[in-house]
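# Overview (structure and organization)
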Amino acid sequence: MNIIDGKAISKQIKDEVKEKVAALKAQGVTVTLAVVQVGNDPASSVYVNNKKKACAYTGMESESFELPEETTQEELLSLIEELNNRKDISGILVQLPLPKHIDENAVIRAISPKKDVDGFHPQSVGALCIGQPGFVSCTPAGIIQLLKRSGIEIAGKECVIIGRSNIVGKPMALLMLRENATVTITHSKTKDLKEVCKRADILIVAIGRPQMITEEYVKEGAVVIDVGIHRREEGLCGDVDFERVSEHCSYITPVPGGVGPMTIAMLMHNCVESVALQTE
């Protein structure tokens, strides 16, 4: 069994981004990520700080907009429009979740697809669907990099994804299709979930339930990617029961230190790529 080291692979990607940022700087181009946070949800604040640190590491600029909880939807949309129009802003990230009184979909749609470094805009998702260039949601894009950089063959493999969210499950399925895997998406209404999962050469778990996936779901020698993260008294854990499953698979991601670091690394990657779109 091999543990896939997300920290090491994310560092490789950030180092590649760092070189690109330096090359752009040499041409007089600065890469700047605008990070917008509404309210002070503690988990969101941790993520925002990690994104700022990653920007600093790669040599990118970051501009932070920390808005009070009571900010109206109109005020937020007007800030996004201003950032869309600013030539010095390469990418825009609005930290989710937003307060209840703000429509997340309206906010996602308001971000210019050329600056949509999260890959959530309907135009970005549509481009992924029909195989055209566009930003890809960071977590699924990071999982593809984990597999490729670990030397895991995707083409022709049977891939089962547990979870159908817009942020992970659906884009993950499209990306695995792009890499020529045979893809099954499962969810809470899937019958015989264990049997379906046992077919998988590559099992990607984003179900949001702590340690739900045990060895009964896993084919001997499968690759297991755990997207979940849960805080428990004894520490962090994923959706997969790591101790029990790791004895049966060929590769597995740990929690923490697996998929998590990749999300921010791919955000940095998307932000550098956005520079070319601004100059078109």
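Everything that follows concerns the structure shown earlier in this document.
Residues numbered from 1 in each chain as written. Predicted model: local features only at pLDDT ≥ 70, side-chain atom pairs only at ≥ 80, totals over all residues. Heavy atoms only, no water.

## Topic: the packing of helix 6 (residues 138-149) against helix 7 (residues 169-178)
In the contact formed by helix 6 and helix 7, the axes pass within 9 Å of each other and the chain directions differ by 40°. Classified by the interaxial angle, the pair formed by helix 6 and helix 7 is oblique. Our pair here, helix 6 against helix 7, has a crossing hand that is right-handed. Counted together, Pro-140, Ala-141, Ile-143, Ile-144 and Leu-147 of helix 6 and Pro-171, Met-172, Leu-175 and Met-176 of helix 7 form the full contact between these two elements. Of the residues assigned to the contact of helix 6 with helix 7, the class counts are 9 nonpolar, no polar and no charged. (Axes fitted to C-alpha atoms, helices over the stretch in contact; angles between N-to-C directions. Helix = DSSP H or I, 4+ residues; strand = E, 2+ residues; numbered from the N terminus. Parallel < 35°, antiparallel > 145°, perpendicular 65-115°, else oblique. Left-handed = near helix turned anticlockwise from the far one by under 90°. Contact = heavy atoms within 4.5 Å. Nonpolar A, V, L, I, M, F, W, Y, C, P; charged D, E, K, R; others polar.)

## Some thoughts on helix 5 (residues 122-129)
Taken as a whole, helix 5 has its buried residues at Ser-124, Ala-127 and Leu-128. Looking straight down helix 5, one finds its buried side chains confined to an arc of 100°; they lie on one side. Away from the buried face of helix 5 by more than 90 degrees, exposed residues Gln-123 and Cys-129 are located. Against the buried residues of helix 5 lie helix 7. Residue Gly-131 follows helix 5 closely and has a positive phi angle near 75°. (Buried < 20%, exposed > 50% of the residue type's maximum accessible area, 1.4 Å probe, protein only. Arc of directions from axis to C-beta.)

## Points about helix 6
Working note: α-helix, 3.6 residues per turn, so residues spaced by three or four point in the same direction. Over its 12 residues, helix 6 runs 16 Å from end to end, which matches the ideal 16 Å to within 8%, given 1.5 Å per residue. Most of helix 6 sits out of view: 9 of its 12 residues are buried. Buried residues of helix 6: Cys-138, Thr-139, Pro-140, Ala-141, Gly-142, Ile-143, Ile-144, Leu-146 and Leu-147, and no others. One or two steps after helix 6, the chain reaches Gly-151, where phi turns positive at roughly 75°. (Expected span 1.5 Å × (residues − 1).)

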